[in-house]
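Here are the chains, one letter per residue:
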Amino acid sequence: MDEKHVLLRVPAEPAFARSVRMSASALAFAAGIESVEDVEDVKMIADEGFVYACATSPEDVEVDFALSEGRVSMDFSLGGGEPADESVDLVCVLLSALCDEFAFSEDGATLHLARTTGDSHDE
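Rules used in this analysis
Residues numbered from 1 in each chain as written. Predicted model: local features only at pLDDT ≥ 70, side-chain atom pairs only at ≥ 80, totals over all residues. Heavy atoms only, no water. Salt bridge = Lys/Arg side-chain N within 4 Å of Asp/Glu carboxyl O. Helix = DSSP H or I, 4+ residues; strand = E, 2+ residues; numbered from the N terminus. Buried < 20%, exposed > 50% of the residue type's maximum accessible area, 1.4 Å probe, protein only.

Draft legend 1. Just the pattern of salt bridges, in detail. Within the structure shown, the criterion is met by seven salt bridges. Between Asp60 and Arg9 there is a salt bridge whose closest N-O contact spans 3.1 Å. Here Asp60, found in strand S2 (residues 60-68), pairs with Arg9, found in strand S1 (residues 4-11); they are 51 residues apart in sequence, far enough to count as distant. Looking at Arg9, the relative accessible area reads 56%, which means it is exposed. A salt bridge links Arg9 to Glu62; its shortest N-O distance comes to 3.6 Å. Separated by 53 residues along the polypeptide, Arg9 in strand S1 and Glu62 in strand S2 bring together distant segments of the chain. Taken together, the shared-partner salt bridges in this structure form one network comprising Arg9, Asp60 and Glu62.

The values are spatial; any link to function lies outside them.
If you want it as structure tokens, here you go:
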């Protein structure tokens, strides 16, 4: 599968977390991720990434999903604010445990998360 991109833009409000989570689920399946456990991991990564992005006080959050065979990556746009809630530290711990890639862009404007499954994840 050639890499495909899907861009989702939603208001940075808790009511839209489900939209991000369900989009991630559908896109994981489109990327060939079929195990229920792996799809649940992708959904959780999307949800927690959205929570983190919202904590940086943007008006909207853009999520750039990049799909390739057995792999979903998500780049979340971040606002200019520093997350004030200490629970955000827990989000970072959870994301670093679930993701194969967890990083912030050098300018701090983007949170990058990725999950790979199948043979490419085991290598």
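Next comes the rest of the account.
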